[in-house]
Amino acid sequence: MELTGPGAVPALTAAYEVIRQPLGEILPRLSGVLAGLVAHRAAAELSTHCAHSPFKTHGDPEIAARLTTADLAPLLASGTPGRPWQGTLRLAGADRPVLAVTSQATPRGAVLLLVREDGAAPVDASVLALAQALWDVVTSHFDRLATEAVPGALARSRTAAGTRARVIAELGEAYAAAFTGLLGVLRSRALDDAAARATATDLAVAALVELRADAERDQEIAEEPAGRAFARLADSLRPLVRYSPVRLELGAPESARTVAADVAHTARATVRAVLLTVLEQDGVSRVHVGWRLADGELRATVRDDGPGALTAQRLSAGLLQERLDVLGGRLAVDAVPGWGSTVTATIPLGAAQDPAPDPLTALGERELQVLARLALGQRNRAIAEELHISQSTVKFHVANILTKLGVESRGEAAALFHAVA
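Numbering of residues starts from 1 in every chain and runs along the sequence as written. In view of the model being predicted, local features appear only for residues whose pLDDT reaches at least 70, and side-chain atom pairs are presented and counted only at 80 or more, with totals across whole chains, interfaces and linings using the full set of residues. Excluding hydrogens and water, the side-chain values take into account all heavy atoms of the structure.

Visitor: I tried to follow the side chain of Thr301 on my own but got confused; where do I start?
Guide: When you line up the elements, Thr301 lands in strand 10 (residues 297-304). Classification of Thr301 by relative accessible area gives buried; the value is 17%. Aside from chain neighbours lying at most four places away, what touches Thr301 is His288, Val289, Gly290, Thr342, Val343 and Thr344. Secondary structure follows DSSP: runs of H or I at least 4 residues long count as helices, runs of E at least 2 residues long count as strands, and numbering of each begins at the N terminus. Relative accessibility under 20% of the residue-type maximum defines a buried residue, over 50% an exposed one, and the middle range a partly exposed one, all with a 1.4 Å probe and only protein chains included. In what follows, a contact means two residues having at least one pair of non-hydrogen atoms within 4.5 Å.

Visitor: Teacher, can you tell me more about the packing of aromatic side chains here?
Guide: Each pair of aromatic rings is reported with the distance of its centres and the angle of its planes. Pairing of aromatic side chains requires ring centres within 6.5 Å, counting the rings of Phe and Tyr and the six-membered ring of Trp. Pairs whose planes differ by under 30 degrees are stacked, by over 60 edge-to-face, and all others tilted. Per the stated rule, a full pass over the model turns up 1 aromatic pair. Here the aromatic rings of Phe230 and Trp291 are separated by 5.4 Å at their centres, their planes lie at 70°, and the arrangement is edge-to-face. Of the two residues, Phe230 sits in helix 8 (residues 226-241) while Trp291 sits in strand 9 (residues 286-294), which places them 61 residues apart along the sequence. The class of Phe230 is buried, set by a relative accessible area of 4%. With relative accessibility at 4%, the residue Trp291 sits in the buried group.

Visitor: Can you walk me through the packing of helix 12 (residues 365-375) against helix 13 (residues 380-387) in this structure?
Guide: Working note: a packed helix pair is described by the angle between its axes plus the distance between those axes. Here an axis means a line fitted to C-alpha atoms, over the contact stretch when the element is a helix, while the angle between two N-to-C directions is reported on a 0 to 180 degree scale. Packing of helix 12 against helix 13 leaves a shortest axis separation of 10 Å and a crossing angle of 130°. On the basis of the axis angle, helix 12 is oblique to helix 13. Taken as a pair, helix 12 and helix 13 cross one another with a handedness that is right-handed. Judged by residue contacts, Arg366, Gln369, Val370, Arg373 and Leu374 of helix 12 engage Ile383, Glu386 and Leu387 from helix 13. Tallied by class, the residues present in the contact of helix 12 with helix 13 amount to 4 nonpolar, 1 polar and 3 charged. In this scheme, roughly parallel covers angles under 35 degrees and roughly antiparallel covers those over 145, while 65 to 115 is roughly perpendicular and the rest are oblique. Here is the rule for handedness: rotate from the far helix to the near one, and if that takes an anticlockwise turn smaller than a right angle the crossing is left-handed, while a clockwise turn gives right-handed. Residues are grouped as follows: Ala, Val, Leu, Ile, Met, Phe, Trp, Tyr, Cys and Pro are nonpolar; Asp, Glu, Lys and Arg are charged; every other residue, Gly included, is polar.

Visitor: Explain helix 14 (residues 391-405) to me, please; I cannot follow it from the model alone.
Guide: Every α-helix winds through 3.6 residues per turn, so residues three or four apart in the chain are directed the same way. For a helix, the expected span equals 1.5 Å multiplied by the residue count minus one. Along its 15 residues, helix 14 runs 21 Å from first to last C-alpha, staying within 8% of the 21 Å computed at 1.5 Å per residue. Regarding helix 14, the residues found buried are Val394, His397, Val398, Ile401, Leu402 and Leu405. Taken end-on, helix 14 shows its buried residues confined to a sector of 140°, consistent with a single buried face. Exposed side of helix 14, more than 90 degrees from the buried face: Ser392, Lys395, Phe396 and Thr403 are the residues found there. Trailing helix 14 by a residue or two, Gly406 shows a phi angle of about 70°, which is positive. This arc describes the spread of directions from the helix axis toward the C-beta atoms.

The structure is reproduced here in structure tokens:
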């Protein structure tokens, strides 16, 4: 789009007002800017280069809360950069008119989706061009933040990416457990076809119910009795060996203590992953799984009577240690050839807290630019000249920076910047 004529300044001002927002506020502001041109009930974006939060939604909760990456992924894959698409999609339980804009400013791919009012008239070419130009500006901004690793954005990206990786790994293991149980049913010679179908259906339904229940439980910050937490683990393990020659022995913790939900969840996910690896060995006929709470720790043990060839390296390939690291846990493997292996995961009951949020995330884009130069020892005049702003504006930004960071001087702000960066 060529920004010339009387509309150029408002368009440029709108673009600036969007990208100067903190990352979490860019989509709401972009939606507000476009609302006067393209009436819509909800907006969503999928920016695959953004490790901090690639998928975001905004707008009417009836729609926005029900949108998923699965809705936008086909648009990202099939969209043509620079050519907005208008049509109808099945979203949030209904057929809805939409406008999809694919960025032409970033090679990593990004799509913006506007869910419009029912019966909305098609958007004319000039408005489509403006929507494309604004989305290109926004995604160029995202791409620069990723490429330059701006401290605030980088810190949030690391935290979010780590959390996402752990969640994906745990969900993958839960699905693996469900499929292992289903395969056990289908391979069993003790069941005829009808019984196998009925049993497989029951297992699949139970697995889906458990996954959905896990999703709801994981949204809560709570504790649960150790015995109940172990019972949930036992229920998820029994299907893995129900139709196999392996005998599963369970040792519930002899304690009435409660454990933090994240500790229990990590212990269950770890044991489930270890058991899946143990069952891959030949010659295993018995596996004992037990929990013990002592000395401020939860010790989860998986012991088998297999060949005794299990190694820590083989287990670490499944990201077990990385998950335990989050809570300050550790993993130990004791294998005796010909006698079996014992794997012990130890997790502190006083789980390590998540790292403190990066204080720089409270700063806006211009404030980060000022702080970066302040940290290099530049004075207000030099900062003003380099950023093409007035010295009074620099003073205003410095005052805001000190307030938001909770420090008293430019030197303390500079020291904090260097510590985080």
